[in-house]
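The residues making up each chain are set out below.
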Amino acid sequence: MSGPEPVAELQQEYSDRRATARPWSEAVGVLTRAGVFWLSTVRPDGRPHVTPLIGLWTDGALHFCTGPTERKARNLAENPEVVLTTGTNTLSRGFDVVVEGRAVPVTDETRLTRLAKLWEDKYGADWHFEVHAGAFANGAGGRADVFGVTPRKAFGFGKGEPYSQTRWLFG
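We now turn to the structure provided with this report. The structure presented is a predicted model; accordingly, all values stated were derived computationally and were not measured. (Residues numbered from 1 in each chain as written. Predicted model: local features only at pLDDT ≥ 70, side-chain atom pairs only at ≥ 80, totals over all residues. Heavy atoms only, no water.)

A short note on a nonpolar patch on the surface
- On the surface, a nonpolar cluster with roughly 280 Å² of combined accessible area is contributed by Val36, Trp38 and Val50.
- Note on placement: Val50 falls in strand 3 (residues 48-53). (Patch = residues over 30% accessible without salt bridge, like charges linked within 9 Å, V, L, I, M, F, W, Y side chains within 5 Å. Areas by Shrake-Rupley, 256 points an atom, 1.4 Å probe, with all protein chains shown as cover. Salt bridge = Lys/Arg side-chain N within 4 Å of Asp/Glu carboxyl O. Helix = DSSP H or I, 4+ residues; strand = E, 2+ residues; numbered from the N terminus.)

Printed below as a string of structure tokens:
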């Protein structure tokens, strides 16, 4: 599922003169280690909706899950275009990553079983899921639809010396 390395461009107008474009591998490291992501969707009336959630980076995509009646799931049914962000909540150090793409439902049971194991490996036994009817299922009978977001475009914001903004373009 992972494709060729994206094209990295330093956004010079937003970067220190000493900055260079950051490698995509650095962004992948942030996406892999992050415990919390912020998902931005759009309500049917055009208003934005932002919510924190857990997720994981694997196979060239960022994955998250949501109950089918939650606001974000209802938004995705109308408009699957999303932005996911993660990083540090500091001004002078760290690296923030923003991923833009389309949230595509994951329903293949083999893939879901693999994702469920990775979810539990990352977040612990409280996040154990079984796979049933093309979705995650928890012990209480709740359903969580799973989505994968393959980046179309991503941004990296280096904070501190030097400040930088890198844009990665995919395919």
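Looking at unusual backbone geometry
- Following Glu161, the chain continues to Pro162 via a peptide bond in cis, the omega torsion being -5°.
- For Pro162, the location among the structural elements is in the loop between strand 10 (143-159) and strand 11 (164-169).
- Even without glycine at this site, Asp59 takes up a positive phi of about 55°.
- On the secondary structure map, Asp59 appears in the loop between strand 4 (56-58) and strand 5 (61-66).
- The class of Asp59 is partly exposed, set by a relative accessible area of 31%.
- A positive phi is found at Ala133, a non-glycine position, where the angle reads about 55°. (Buried < 20%, exposed > 50% of the residue type's maximum accessible area, 1.4 Å probe, protein only.)

A short note on the pairing of strand 10
- Of all 17 residues making up strand 10, 12 are buried, and the element is well covered by its neighbours.
- Pairing analysis gives five bridges linking strand 5 to strand 10, with the strands arranged antiparallel. Bridging across to strand 10, His63 finds its partner in Gly148.
- In terms of strand pairing, strand 9 (residues 135-137) meets strand 10 through two bridges, oriented antiparallel. Each residue of the ladder has a partner; that of Ala137, found in strand 10, is Arg143. (Pairing = 2+ DSSP bridges.)

Observations concerning helix 2 (residues 71-78)
- Turning to helix 2, its buried residues number three or more, namely Lys72, Ala73, Asn75 and Leu76. Down the axis of helix 2, the buried side of the element spans an arc of 160°, and every buried residue falls inside it. Structural note: helix 2 exposes Ala77 and Glu78 on the side pointing more than 90 degrees away from its buried face. (Arc of directions from axis to C-beta.)

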